[in-house]
Amino acid sequence: DARVTQTPRHKVTEMGQEVTMRCQPILGHNTVFWYRQTMMQGLELLAYFRNRAPLDDSGMPKDRFSAEMPDATLATLKIQPSEPRDSAVYFCASGPGVAGGQDTQYFGPGTRLTVL
Amino acid sequence: AQKVTQAQTEISVVEKEDVTLDCVYETRDTTYYLFWYKQPPSGELVFLIRRNSFDEQNEISGRYSWNFQKSTSSFNFTITASQVVDSAVYFCALSKGNNFNKFYFGSGTKLNVKP
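Residues numbered from 1 in each chain as written. Chains lettered and ligands numbered in written order. Predicted model: local features only at pLDDT ≥ 70, side-chain atom pairs only at ≥ 80, totals over all residues. Heavy atoms only, no water.

Novice: Can you tell me about the interface of chain A and chain B, naming the residues and giving the values?
Specialist: In this assembly, 25 residues from chain A lie in contact with 21 residues from chain B. Between chain A and chain B the total buried area reaches about 1800 Å² when both faces are included, carbon and sulfur atoms providing 52% of it. Remark: the boundary between chain A and chain B carries one salt bridge. Two residues, R3(A) and E44(B), come together in a salt bridge whose shortest N-O distance is 3.8 Å. (Contact = heavy atoms within 4.5 Å. Buried area = accessible area lost by both parts, 1.4 Å probe. Salt bridge = Lys/Arg side-chain N within 4 Å of Asp/Glu carboxyl O.)

Novice: Let's hear about the nonpolar core: which residues, and what values?
Specialist: Membership of the largest hydrophobic core comes to 23 residues, with the highest contact counts inside it found for W36(B), F77(B), Y90(B) and L111(B). A per-element tally of this core places strand 10 (residues 88-96) of chain B first, with four residues. Once residues lying within four places of it in the same chain are set aside, the contact partners of L111(B) are I11(B), V13(B), V19(B), I79(B), D86(B), S87(B), A88(B) and Y90(B). Core analysis: the second largest hydrophobic core is formed by 22 residues, V19(A), V32(A), F65(A) and V115(A) among them. (Core = buried A, V, L, I, M, F, W, Y, C linked by side-chain atoms within 4.5 Å. Buried < 20%, exposed > 50% of the residue type's maximum accessible area, 1.4 Å probe, protein only. Helix = DSSP H or I, 4+ residues; strand = E, 2+ residues; numbered from the N terminus.)

Novice: Give me the sheet that holds strand 3 (residues 19-24) of chain A: which residues, what numbers.
Specialist: All names here are of chain A. Reading across from one edge, 1-3-8-7 is the order of the four strands in this open sheet, with antiparallel pairing throughout. The outermost strands of the open sheet, each flanked by one partner alone, are strand 1 (5-7) and strand 7 (65-71). Within the sheet, the average angular offset between the axes of one strand and its neighbour, ignoring direction, is 20 degrees. Across five bridges, strand 3 lies against strand 8 (residues 74-79) in antiparallel orientation. Residue C23 lies in a different strand from strand 8, and its bridge partner there is A75. (Pairing = 2+ DSSP bridges. Axes fitted to C-alpha atoms, helices over the stretch in contact; angles between N-to-C directions.)

Structure (structure tokens):
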């Protein structure tokens, strides 16, 4: 049963520290998405990759957030420096890259980030 | 502009009751896709169903059924004979019929099924 994996599952850090979250998409999937979920904002799209190339990161605070795909099996989301308002659950999702908008996204278990 | 509205913030039912979760969408596109996801207390979003805008047939999968009506721009989800394990937050999402694959999520409906 192929699944998206994310590490760490939980992270508690202090304001100003760097945080790196990792995601392993389902093997063979070529689209990867990063979302942030909070009670106030719901699910927000932060970044989107296709074939490892970033297609959209307009939802991401550019000054402190960065997203990369060093290879097809790893996506990273980094926050530097972290702030308390970054506390949220961060989800990674991957899709098979079916054309025409019908690409189903499969979500990982999320990383629950708490910034003190 | 694309928009998905889930007006029911929270619903509580007693086990074995039927429950319908509403989803209303807005789009000017003629080709689009609609999705439902379940987020149980464990937190992971689980894919339930995808429908395309050209297929208005209702779909049934066990106790789950979906009613897609383009005339009212709705894609409602019904759980028959609800069970405690159905307790979760349910999200409806819309994807445009292009290659961008961006999802427009509703705000979610929290379903509480009480024994």
